[in-house]
Structure formats: C-alpha cells, structure tokens
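Residue-level structure breakdown
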Amino acid sequence: MAAPDGRVVCRPQRLGQGSGRGPKGRGACLHPLDSLEQKETQEQTSGQLDMLRKAQEFFQTCDAEGKGFIARKDMQRLHKELPLSLEDLEDVFDALDADGNGYLTPEEFTTGFSHFFFSQNNPSQEDAGEQVAQRHEEKVYQSRGNEDLGDMGEDEEAQFQMLMDRLGAQKVLEDESDVKQLWLQLKKDEPHLLSNFEDFLTRIFSQLQEAHEEKNELEYALKRKIAAYDEEIQHLYEEMEQQIKSEKEQFLLKDTERFQARSQELEQKLLCKEQELEQLTQKQKRLEGQCTALHHDKHETKAENTKLKLTNQELARELERTSWELQDAQQQLESLQQEACKLHQEKEMEVYRVTESLQREKAGLLKQLDFLRERNKHLRDERDICFQKNKAAKANTAASRASWKKRSGSVIGKYVDGRGILRSQSEEEEEVFSIPRRSSLGLSGYPLTEEEPGTGEPGPGGPYPRPLRRIISIEEDPLPQLLDGGFEQPLSKCPEEEEVSDQGVQGQIQEAPPLKLTPTSPRGQPVGKEAVCKEESSPSAPDRLFKIVFVGNSAVGKTSFLRRFCEDRFSPGMAATVGIDYRVKTVNVDDSQVALQLWDTAGQERYRCITQQFFRKADGVIVMYDLTDKQSFLSVRRWLSSVEEAVGDRVPVLLLGNKLDNEKEREVPRGLGEQLAKDNNLIFYECSAYSGHNTKESLLHLARFLKEQEDTVREDTIQVGHPAKKKSCCG
Ligand SMILES: Nc1nc2c(ncn2[C@@H]2O[C@H](COP(=O)(O)OP(=O)(O)OP(=O)(O)O)[C@@H](O)[C@H]2O)c(=O)[nH]1
Ligand SMILES: [Ca+2]
Ligand SMILES: [Mg+2]
C-alpha cells in the first residue's frame, strides 16, 4: 500500500490568466505530468526562442529612437502601420505594462508578448476582448506578411510557426507538416480562405485543448481519487495498525499478566520444591549420619561378635564338661533318690505300723480307763459314805475335797501330780468339771491313767504311778522313736511340763497293772498284736500318710465325729477332750491306700496354746462348728485366722457344720456356711456324727484333695529336678 508521497498535486494554471502574472507563473508551478509533456516543452522552448526573437524585432520597431523602452506615444505611432485603432493600441499597451508605470521595458514587452501568444492557445478561456486583440494582431501580421514578405519562404515559415504557437498546436499536434502544407497551399492558392482556415484551426485546436484539459482534469480527479483512496487506505491502514497495536498491547498485557501469574505460581512451586529439597537434604544428612553411626556400630558389633563367638566356644566346651559332670551328678542323685525313696517308704510304713499299734493300745487302755472309771465311781461312792460318816471331822474335809478334785481333773499335760505342785491349776480344773459333760480323756492317744485318790492307797511296789502327762507333738513325729525304743522313751514333752515328763511310757503303763484292773484290760496281751490283727484286715499297706488336725469350739462334736469315722459308732454324752488326742485311719482313695493321722484337739479355750503348735506340721485342717450353736459358727473365723497365722494358706481346710440331724434346733443356715467357705476357699460339708451323714464323704474329699495336691507337687519336683525321666519317688 502506498503511503502518500506528499506530492503536491496542483492543478495546472491556465496560461495567460491575469495579464500581470507574466510567464514566470508557468515555471513556478510544477506540472504533475511533466514527464509526459517534456517533448511538448522542448517544442515550446524552441517556439519561445523564435517568439523572443520576433518580440525583440517588434520592440526595436516600436523603439525607433533606441531609448531602451517603449512609451505610450511610441505605441500610438504604430497606428499608421498597424490595422489597429488608437484605443486598441492603448489596450495593448496597458496589457503589456504589467507594473503600470507607463513604460514598457524590453522584459515587460517580451513577457507580455509571449504571454499574449500563449494565451491564444486557450481561446476558450480567454475573454472575447483578448481574442479580438489577438485576431487583430494576426491579421496585422498576415497582412504585413502578405505585403512585406511576399514569397519569402522564411517568413511564411515564421508566420506559420507563430500561428501554430498562437493556436497552441504544438501541444496537440505531433506532426504539423500536413497542416503546414495545407496552410501554405491555401495561402498560395486561396489566400481569402486562409483566415477561415485559421479560424477553423483555432476552433479545432481550442477543442483539442479543451479535450486535453478535460483529460487533464479527469486525470487530476483520478489522481485525487487515487490520493483520496490512498489516504483512505492509509487511514484504514493506520486505523488497522492502531487496532492491531492496541490488540497487541492488550494481548501483551494479558500475556504479561498471565505470564506474571504463571511465573509467580512457578516461583512458589520452586520455593516449595526448594524447601522440600532442603528437607530432603537434611534428611539425607541425618541418614548419612545414622549410616555412619551404624557402620561404626557394625564394626564394633563385628568385633564384639568375634569376641562373643570365642567366648561362646569356650562356654560350649565348658558346658560340655559341665554336662558330663552333671550327668555324673544326676546318676549319683538318682541313686540317692532311689535310696531316699526306699528309706522314706520304709519309714512311712514303720510310722503307720507304730501308729496302728499305738491306736490299738490306746483302745485297750481306754477300755481299762472305762473300767477304772467304773471302779472310781464305785470307790467314790464308798468314799462318799465314808465322807458322810466323818463329816464332823473338819480337818479331813479340806484334804478330801482336794483329792476329789484331783481325780476328777484328769487332764494330762497341764496338771501335775495331785500333791499340789501346781496348785493354781486346780481352779481351772474346777471349771472343766463345772461343765455338764465329764472331762476324762487323756492326751496323746494314751489313756489318762488317773490315780485313784479315792482309794487312798498306793499301788503295789511303791508310790502310785503318776498320771501320764505327756503330749505327743505332731512336729516331732515321735512315732518311729516309739517304735524303736518301745514305750520306754518319752513321746514328747509338753513345753510347759518338761520337768515332769521324763518318765517312760512303758514304765507307766507297766505300772498300770498294779492298779488292779479287771481282766478286761488289754494290758495282759501285747497291744500291738490286736492292732496287727486289725491291720491284716486292711487290703494293703498305705501308700502315704497325711496329718490332719481337727479344731473347733468345745462340744461341736469333733470327738464324736472321729469316733463315727473310725469306729462307725456314736456315743452320746462324750467327755470333753483334754489336751490332744489322735486316731489313725486308712482309707482307699482312687486305688491307693491313704493313712490319715487325725489329731483331735480340745476345743476349750485353755488348750489353745497346745492346739496352735499342732498346726505347723499339718497336711490339712478341719474346722468344725455346731450348726445348732451360732456362737460356734462365729468362732470359725478365729479358728481360720489362727490356722493361717501358723501355716499361711498352704494347707487345705475342710469346714464342717455338725449335728445336721438336729435340724429343728438349727441356728446357722446352710447358706452362711457355704458363703464363708466360698470366701475363704474352703471345702464345705454339713454332717452329723450322730447319723454318720457326710462323715466319710467329707474326709474322703479332703484326702483326695491332699493326694492330688501331693501328686502335683511330686510331679513338679520330678520335672524340675529331673526333666528327662518321670519317676515316682517320695518327695
Ligand atoms: N445330736 C447330736 N449330738 C452330737 C453330735 N455330735 C456330738 N454330739 C454331742 O455333742 C456333745 C459334745 O461332743 P464331743 O464330741 O465331745 O465334742 P467335742 O467337740 O469333742 O468337745 P471338746 O472335746 O470339748 O472339744 C456330746 O454330748 C455329743 O453327744 C451329733 O452329730 N448330733
Ligand atoms: Ca512599464
Ligand atoms: Mg472332744
């Protein structure tokens, strides 16, 4: 698209417009079609030169005096020579005097002359006056030419040229030779037609000129249109450029914004990534540190490992050696254990045998005792008669009373001889006998051989034997001793009576016969024999022995219960137990024989210190209460705590509520007993020594429990001591 070139497109000025402008106006304005008219211009130039020459000749003609300028007067002198009126000449002068100073300089004259001629080229534009003047001039020249030059070719040529110039034919005609010939012909043949021809030519040329000008105008308009179009295009272009620019700017703005946002986003991301990277770097560093530490540790561990391996090898060797030693030791131990087991079994059997024989003896002695009691009663009766007889004798009364007390207070183990060594005890005895029940049984399974103070006479062979005052301690396990040493050795000593208990049982018992017991006494026969006989009825020897201690308030029925269990009979009106007693009974528990050594304690308060000592070696304890006596049940807790005090909770306890047969007098509901048992982890039964209900069941339960407990302990012991083998041995 072509930008406007800035050329000033100017309309070509009409030549001769305004008489005062002169020929310089032509040069002042650049014709846009210069290039097109160069040729024409060249032709004009040559024409102008001719014209200048002619103008100078005409000037000299007018300036006849040669003063260098033409005045109005000079011009009027031509009136005679030119076919022009004075007025016409005046007009010509005025037209030529451009500055109006009344003189025509050669320049003014020449310029005006040429202008005059050029203006003849645009006759259509000239006003009529000028045209008229021109015609006059032509005619002047023609006539002058016709008259002066005649047949002069050169003149004709100039005339023709002048004509042509005047008509402006150079601009229109390319080749004017035809016109020239025609003009010459016409001039020669028909001179009167020449003016017509010239008019014709004038008209033709003027039309041509008009057409030319029209063409120029059209060209100009076209150019203007093109220019306008160009301008419009330029404008559009500019607008478009502007629009593009603004669009571009907008786009750029948007793009920049987007770019900025994006870059911000990216920056943030980058920041995040950088932070992450930093964290990772730190982590890596940390890990590296750890790695190094681990590496270091590894080395250390390796060294340690090697050391440990060496130690291990050493230890393995040592272990081997030790295991050999251990094996030896185990073999030795095994043989020792076997030996020990054998010994233990033997010992147990001996114990059992002795216990049984002692029991037998005790039964015999009891019989003797019964007999002696009967005797005693009888003697007392006699004595009473005697006493009544001698009632008056006061001095005798005190002595007699003391003697009676001593007889009836047949407690062994606490009460020494009747000579008042322990006088203070007699009051206690009084208490004992103040209760409705008789207190008669001695201690230690031996019948209490009471002195018969009532008889008042000592047995044969010296003073009466003292009553047996020994307590067999469950802890000392005196039975084997008894077996070894017969009855010569003391069973044990009552802690409180050491000083009085060093006489042999045998001796005392042997001293019994002098009491003149009836033949019913088993004394005459060996005590053990009867026991052996009974023993024989037992299917086999017992496998084990358990010591069970019986406790509970007085009169709850402990002794009655044991009698029911051992002899399967019930004796009403049983005497209160004094000190301690025991029985042995073998029972069958799950195909094995279990001997139960049952220790019957005295429930009365005063014997508690003795009872307490028997707990320590007990395998099991039976606490009994009388379900018709609330107080006896309330005492159970006290009994339990004294058991626990002595042995902790390692021994099983059987709680028995006795006298179930006497339901109508029941004071302790069954639930209470059950609850108590449950709270203290006890075995519980309600039973009756009278009817025999639950006597066997309850004791068997306890025996089974003890056996199982022992089995478990034994197994554990075997496993711990000898994991390889399992062997039954006496733990
Ligand atoms: N109805 C009835 N009476 C019984 C029963 N058991 C014992 N008795 C009686 O209760 C009284 C006391 O009996 P013992 O066996 O001597 O009482 P204990 O517990 O041995 O008394 P201590 O030896 O003093 O501790 C006696 O009169 C017995 O006859 C029983 O099951 N039913
Ligand atoms: Ca002048
Ligand atoms: Mg009793």
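Anything mentioned here points back to the structure above.
In what follows, the accompanying structure is described. Only a predicted model underlies this, so the values are computations on that prediction, with no experimental measurement involved.

Focus on the coordination of the calcium ion (ligand 2)
At this site the calcium ion (ligand 2) is bound by D97 (OD), N101 (OD1), Y103 (O) and E108 (OE), with donor distances of 1.3 to 2.7 Å. Ordering the donors of the calcium ion (ligand 2) by residue number gives the pattern D-x3-N-x1-Y-x4-E. Here the residue D97 occupies a position in the loop between α4 (86-96) and β2 (103-104), and E108 occupies one in helix α5 (residues 106-119), the gap between them amounting to 11 residues.

Here we look at the nonpolar core
V621, V623, Y625, V636 and L655 are the most contacted members of the largest nonpolar core, which totals 39 residues. Counting 25 residues, the second largest nonpolar core, distinct from the first, contains C566, V589, L596 and L706.

Let's talk about the coordination of the magnesium ion (ligand 3)
Around the magnesium ion (ligand 3), the protein contributes the donor atoms T559 (OG1) and T577 (OG1), which lie 1.8 to 2.0 Å from the metal centre. Pair noted here: T559 is in helix α16 (residues 558-567) and T577 is in strand β5 (residues 576-577), with a separation of 18 residues, a long-range link. The buried category is assigned to T577, whose relative accessible area is 7%.

A short note on the site of ligand 1
Around ligand 1, a shell composed of 23 residues is seen, among which S554, T559, S560, T577 and G603 lie nearest. Side-chain polar atom of S554 to an oxygen atom of ligand 1: 2.6 Å apart, as the coordinates give it. The contact in question runs from an oxygen atom of ligand 1 to an N or O atom on the backbone of G603, over 2.8 Å. Taken by itself ligand 1 offers 640 Å² of open surface, and the protein chains cover 89% of this. Secondary-structure elements contributing two or more residues to the shell around ligand 1 are α16 and β5. A total of three residues in the shell around ligand 1 trace back to one element, the largest contributor, which is α16. Each residue belonging to the shell around ligand 1 can be placed in one class, and the counts come to 10 nonpolar, nine polar and four charged.

Focus: the pairing of strand β6 (residues 580-589)
Burial within β6 is extensive, with eight of its 10 residues counted as buried. Relative to strand β7 (residues 592-601), β6 is paired through 10 bridges, and the arrangement is antiparallel. Across the sheet, D581 pairs through a bridge with D600, a residue of β7. In textbook terms, the turn of a hairpin is the stretch between consecutive antiparallel strands, and for β6 and β7 this stretch comprises two residues, one of which, D590, has a positive phi near 45°.

Notes on the packing of helix α7 (residues 153-167) against helix α9 (residues 177-189)
The geometry of α7 relative to α9 is characterised by a closest axis approach of 11 Å and an angle of 120° between their N-to-C directions. Taken together, α7 and α9 sit at an angle that is classed as oblique. As for the relative orientation of α7 and α9, their crossing is right-handed in sense. Residues E156, E157, Q159, F160, L163 and M164 of α7 lie in contact with α9, whose contacting residues are V179, K180, W183, L184 and K187. Within the contact of α7 with α9, the residues separate by chemical class into six nonpolar, one polar and four charged.

Observations regarding the sheet that holds strand β9 (residues 653-658)
On the basis of which strands lie adjacent, the open sheet formed by six strands has the order β6-β7-β4-β8-β9-β10 and mixed pairing. The sheet is open, and its two edges are formed by β6 and β10 (683-686), each paired on a single side. Between one strand and the next, the sheet's axes are offset by a mean angle of 25°, whatever the strand orientation. Relative to β10, β9 is paired through four bridges, and the arrangement is parallel. Considered in β10, the bridge of L654 is made with I683. Against the sheet, helix α19 (residues 636-647) engages β4 (544-552), β8 (620-626) and β9, with an angle of about 165° to β8. Of the strands in this sheet, β8, β9 and β10 touch helix α20 (residues 670-680), which is tilted by about 165° from β10.

Criteria and thresholds
Residues numbered from 1 in each chain as written. Chains lettered and ligands numbered in written order. Predicted model: local features only at pLDDT ≥ 70, side-chain atom pairs only at ≥ 80, totals over all residues. Heavy atoms only, no water. Donors = N, O, S within 2.8 Å, 3.2 Å for Na, K, Ca; no water. Helix = DSSP H or I, 4+ residues; strand = E, 2+ residues; numbered from the N terminus. Core = buried A, V, L, I, M, F, W, Y, C linked by side-chain atoms within 4.5 Å. Buried < 20%, exposed > 50% of the residue type's maximum accessible area, 1.4 Å probe, protein only. Near = heavy atom within 4 Å. Polar contact = N/O pair within 3.5 Å; in protein donor to acceptor, adjacent residues only side chain to side chain. Areas by Shrake-Rupley, 256 points an atom, 1.4 Å probe, with all protein chains shown as cover. Nonpolar A, V, L, I, M, F, W, Y, C, P; charged D, E, K, R; others polar. Pairing = 2+ DSSP bridges. Axes fitted to C-alpha atoms, helices over the stretch in contact; angles between N-to-C directions. Parallel < 35°, antiparallel > 145°, perpendicular 65-115°, else oblique. Left-handed = near helix turned anticlockwise from the far one by under 90°. Contact = heavy atoms within 4.5 Å.

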